[in-house]
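An overview of the molecular structure
Residues per chain, in single letters:
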Amino acid sequence: MEVVHTPVLLQECLSLLSPVGEPYESDAFMVDSTLGEGGHSYHFLTDYPGLQVMGLDADPVIQARARERLAPFGDRMHFWSGWFDDFYRNYPAELQKPNLILFDLGISVFHYERSGRGFSFRHDEELDMRLNPSSGESAEDVVNGMEEKKLADLLYLYSDEKYSRRIASAITTARRTGRIASTKALADIVAGAVPPKYRHGAIHPATRTFQALRIYVNSELKRLPGALHAAFNTLLPQGKLGVITFHSLEDRIVKCYFRNLAKQCVCPPEQSVCSCGGSPCALLLTRKGVEPTAQEVAANSPSRSARLRVVRKLRDAGPERLAGVEAL
């Protein structure tokens, strides 16, 4: 099998989430919340022979590729098909609790290059962008059905697109004469809506539009706070949770939640009696996001915006630790 995707911050993940030297080393259990082609899981299983891994993915196509790649590890590797927030919200009662959890929130290169679902404007494909192609509305549905103001707000909120209103106006004008159904059609509309200087800038003018639509279609930011909280409470004490982010919006959610977990108290200042437990729920193992080395960026350009944050669990967290996180 040809592997398309290269896992980012691999050595950093293997080091910071290592089970070696931990009290659970001999029977460590890890959940790879975003399995993809299985790159991180492959190396964890290779480097730590006693480790068992459960791999989650919402896309049955890419999970089938991971099954093929990870087959040599036999019953040390397990699979679950679906969204990670659903998995942690309804954690299987028969499954042992994990010692290690990893989220890699990036989109696999496979989806951009081989899925045929319109994640990239480099290929003229159907405008879909769903990680799970059998559920929810597609990017084509959004582009052709969302009212102009809401579409403009979406582009600005999810990608900080400064020409969001111009782009939304151009899209709504174009769809009056026919349905916008392909990546090339959308990319051309966006390019025609922005000033020439922006059109010929360092990145393609449709980059932010495509990012915003992908985030919206897959509810990426909406899923994240609740998934992090449920995952953290699923961890066994002294277990470790690591998250790799790729853009500022999701990184801000992770950073804020991890900081809340590490605070001694998160009760409002005006509250006279502490109700949150008065002690930290987690220890920050990364004070700031771990970035890829220059060598990794040179060898794998998609890693350039990656950030890894890791915490160690001390105790369960109450809902108050989500304060200020869900509103981001």
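Relevant structure appears above.
Reference entry: report on the structure contained in this document. Owing to the predicted nature of the structure, the values given are computational and were not obtained by experimental measurement.

Thresholds, definitions, all that
- Residues numbered from 1 in each chain as written.
- Predicted model: local features only at pLDDT ≥ 70, side-chain atom pairs only at ≥ 80, totals over all residues.
- Heavy atoms only, no water.
- Helix = DSSP H or I, 4+ residues; strand = E, 2+ residues; numbered from the N terminus.
- Rg over C-alpha atoms; globule rule 2.2 N^0.38 Å.
- Buried < 20%, exposed > 50% of the residue type's maximum accessible area, 1.4 Å probe, protein only.
- Contact = heavy atoms within 4.5 Å.
- Areas by Shrake-Rupley, 256 points an atom, 1.4 Å probe, with all protein chains shown as cover.
- Lys, Arg positive; Asp, Glu negative; His and termini not counted.
- Charge placed at Lys NZ, Arg CZ, Asp CG, Glu CD.
- Salt bridge = Lys/Arg side-chain N within 4 Å of Asp/Glu carboxyl O.
- 1 Å grid on protein atoms, 1.4 Å probe; cavity = no way out; pocket = protein on both sides within 12 Å on 5 of 7 lines; lining within 4 Å.
- Points joined across faces, edges and corners; volume = space filled by probe spheres on them.
- Nonpolar A, V, L, I, M, F, W, Y, C, P; charged D, E, K, R; others polar.
- Axes fitted to C-alpha atoms, helices over the stretch in contact; angles between N-to-C directions.
- Parallel < 35°, antiparallel > 145°, perpendicular 65-115°, else oblique.
- Left-handed = near helix turned anticlockwise from the far one by under 90°.
- Core = buried A, V, L, I, M, F, W, Y, C linked by side-chain atoms within 4.5 Å.
- Pairing = 2+ DSSP bridges.

A short note on the overall build of the protein chain
- When helices and strands are tallied, the protein chain shows 14 helices and seven strands.
- Relative to the compact-globule value of 20 Å for 328 residues, the protein chain shows a C-alpha radius of gyration of 21 Å, a close match.
- The principal-axis extents of the C-alpha atoms in the protein chain amount to approximately 65 × 60 × 40 Å.
- Among the 328 residues that make up the protein chain, the fraction classed as buried is 54%.
- A separation threshold of at least 6 residues defines the contact pool for the protein chain, and within that pool the share at least 24 residues apart is 72%.
- Entry remark: accessible area of the protein chain is about 14900 Å², with carbon and sulfur atoms responsible for 51%.
- Within the protein chain, one finds 39 positive and 39 negative side-chain charges whose respective centroids are separated by 6 Å.

Let's talk about unusual backbone geometry
- Here the phi dihedral of Leu9 falls at roughly 45 degrees; this positive angle occurs in a residue that is not glycine.
- We note that Met129 has phi near 70 degrees; this positive angle belongs to a residue other than glycine.
- For Met129, the position within the fold is in the loop between helix H5 (109-113) and helix H6 (139-145).
- Residue classification places Met129 among the buried positions, given a relative accessible area of 0%.

Describing the pattern of salt bridges
- All told, the structure shown has 18 salt bridges when counted by the stated rule.
- A salt bridge links Glu22 to Lys240; the nearest nitrogen and oxygen atoms lie 3.2 Å apart. Of this pair, Glu22 sits in the loop between helix H1 (10-16) and strand S1 (29-32) while Lys240 sits in strand S5 (residues 240-245); the two residues are 218 residues apart in sequence, bridging distant segments of the chain. Pair check on accessibility: Glu22 and Lys240 agree, each one buried.

Describing the layout of surface pockets
- Each pocket or cavity is described by its volume, and for the largest pocket that value is around 1200 Å³.
- Taken together, 34 residues form the lining of the largest pocket, with Tyr112, Thr207, Gln211, Arg214 and Arg304 sitting closest to its centre.
- For the lining of the largest pocket, the secondary structure elements donating two or more residues are H5, helix H7 (148-159), helix H11 (207-217) and helix H13 (248-262).
- When residues of the lining of the largest pocket are assigned to their parent elements, the largest contribution, five residues, is made by H11.
- Here the lining of the largest pocket is composed, by residue class, of 15 nonpolar, 10 polar and nine charged.

Focus on empty space enclosed by the protein
- Enumeration according to the criterion identifies one cavity of 30 Å³ or more in this entry.
- In this model, the largest cavity occupies a volume close to 470 Å³.
- Taken together, 32 residues line the largest cavity, and the ones lying closest to its centre are Thr34, Asp57, Asp104, Leu105 and Gly106.
- Every element with two or more residues in the lining of the largest cavity is listed here: helix H2 (39-47), strand S2 (52-57), helix H3 (60-70), strand S4 (100-104) and helix H12 (220-234).
- Take the lining of the largest cavity: its biggest share by element is three residues, from H12.
- Looking at the lining of the largest cavity, its residues break down into 12 nonpolar, 12 polar and eight charged.

Remarks on the side chain of Asp32
- Looking at the secondary structure, you find Asp32 in strand S1.
- It turns out Asp32 is buried and unbridged, and the closest side chain with the opposite charge, Arg69, is 9.1 Å from it.
- Excluding residues that lie within four positions of it along the chain, Asp32 makes contacts with His40, Ser41, Val53, Met54, Gly55, Leu56 and Leu102.

Examining the packing of helix H8 (residues 164-174) against helix H9 (residues 183-193)
- Where H8 contacts H9, the axes come no closer than 9 Å and their chain directions differ by 130 degrees. Relative to H9, the element H8 lies oblique. Note on packing geometry: the crossing formed by H8 with H9 is right-handed. Side by side, H8 and H9 meet where Arg166, Ile167, Ala170, Ile171 and Ala174 of the first sit next to Leu186, Ile189, Val190 and Ala193 of the second.

Here we look at the environment of Gly82
- By the secondary structure assignment, Gly82 is in the loop between strand S3 (77-81) and helix H4 (84-89).
- Taking the C-alpha atoms as reference points, Gly82 and Leu56, separated by 26 residues in sequence, lie 6.7 Å from one another.

Side note on the nonpolar core
- Ranked by internal contacts, the top residues of the largest apolar core, which has 68 residues, are Tyr88 and Phe103.
- For Phe103, the residues in contact, after removing those within four places along its chain, are Ser33, Thr34, Phe84, Tyr88, Ala227, Leu228, Ala231, Leu241, Gly242, Val243 and Ile244.

Focus on the pairing of S5
- For S5, the tally of buried residues reaches six of six residues, placing the bulk of the element in the interior.
- Residues Lys240, Gly242 and Ile244 of S5 are buried on one face, and the alternating residues Leu241, Val243 and Thr245, pointing to the opposite face, are buried as well.
- Two strands pair when backbone bridges link them, and S4 and S5 are joined in this way by five bridges, in the parallel orientation. Paired with Leu102 across the two strands is Gly242, which belongs to S5.

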